[in-house]
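The primary structure of each chain is shown beneath.
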Amino acid sequence: MTGRSAARPRLRSAAAWGVGIALLALASLLLRLVPTDAQSEQPFTVTAAVGEAAAARTFTVTVTGAELVDVLSAGEWRQPGNWLVIDLTVEGVGSDASSYLGRAAFVHEAGVGDDAQRREYRASERFPSLVTDPLVTGVPRTGSIAFELPADATGEGAVELAQHGDTRLDSLVSVAVDLDALERVPERAVRETGWERR
């Protein structure tokens, strides 16, 4: 074998190794860039502040007020607790004749750092509210929804509203609420669900 013919197999071997390493690096990069199934099914989150309108796929909502209440009432029903009461105006949009708020939850991060836990509280269905009544396209409705929280709940969270309980690949309205900044009232009644007066 001459020097030239012995160098060719070495060059081919080195080239094959180089191509192999480059393909592995490319595969690693693609695995980092391509979203997982869970990431690709995340809801389309629309964020808003109290007082701002937020447009989801099938409804538009404005949280008009938030407060903490020690005793909540609705008609004859009366219940002590640590209630987060959210007043809102919501109307259906789009081609659906009627839709519902299938998801009305307060999501709260409790704890700090590694001890933080995500807790979710669903809106109470113990009294008629915008959670139990249908939304009508083009007709704004007002009312209250309420969340019974633990007595020691503090810090920031968010009210999440969506048409369905399963929010994958759908819109989700998220309104930030700081429990420490809210006014606390000893007693109040929920706003009766009704048509908005303009």
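Above this note sits the structure.
Here goes a summary of the coordinates provided.

Criteria and thresholds
Residues numbered from 1 in each chain as written. Predicted model: local features only at pLDDT ≥ 70, side-chain atom pairs only at ≥ 80, totals over all residues. Heavy atoms only, no water. Pairing = 2+ DSSP bridges. Helix = DSSP H or I, 4+ residues; strand = E, 2+ residues; numbered from the N terminus. Axes fitted to C-alpha atoms, helices over the stretch in contact; angles between N-to-C directions. Patch = residues over 30% accessible without salt bridge, like charges linked within 9 Å, V, L, I, M, F, W, Y side chains within 5 Å. Areas by Shrake-Rupley, 256 points an atom, 1.4 Å probe, with all protein chains shown as cover. Salt bridge = Lys/Arg side-chain N within 4 Å of Asp/Glu carboxyl O. Contact = heavy atoms within 4.5 Å.

The strand order across the open sheet built from 5 strands is 1-11-10-6-7, with neighbouring strands paired in mixed fashion. Two strands close off the open sheet at either side, each with one partner strand: strand 1 (44-48) and strand 7 (117-122). Across the sheet, the axes of successive neighbouring strands diverge by a mean angle of 30°, strand direction being ignored. As paired strands, strand 10 (residues 156-162) and strand 11 (residues 171-178) are joined by 6 bridges and run antiparallel to one another. Of the residues in strand 11, the one forming a bridge with glutamate 156 is aspartate 178.

There is a patch of nonpolar side chains on the surface, built from Val19, Leu23, Leu26, Leu29, Leu30, Leu33 and Val34 and spanning about 670 Å² of accessible area. Secondary-structure assignment places leucine 23 in helix 1 (residues 3-33).

Turning to the environment of alanine 123, a few remarks are in order. Here alanine 123 is to be found in the loop between strand 7 and strand 8 (135-136). In this structure the C-alpha to C-alpha distance between alanine 123 and alanine 146, which are 23 residues apart in sequence, comes to 5.4 Å. Dropping the residues within four chain positions of it, alanine 123 is found in contact with Ala104, Val131, Ile145, Ala146 and Phe147.

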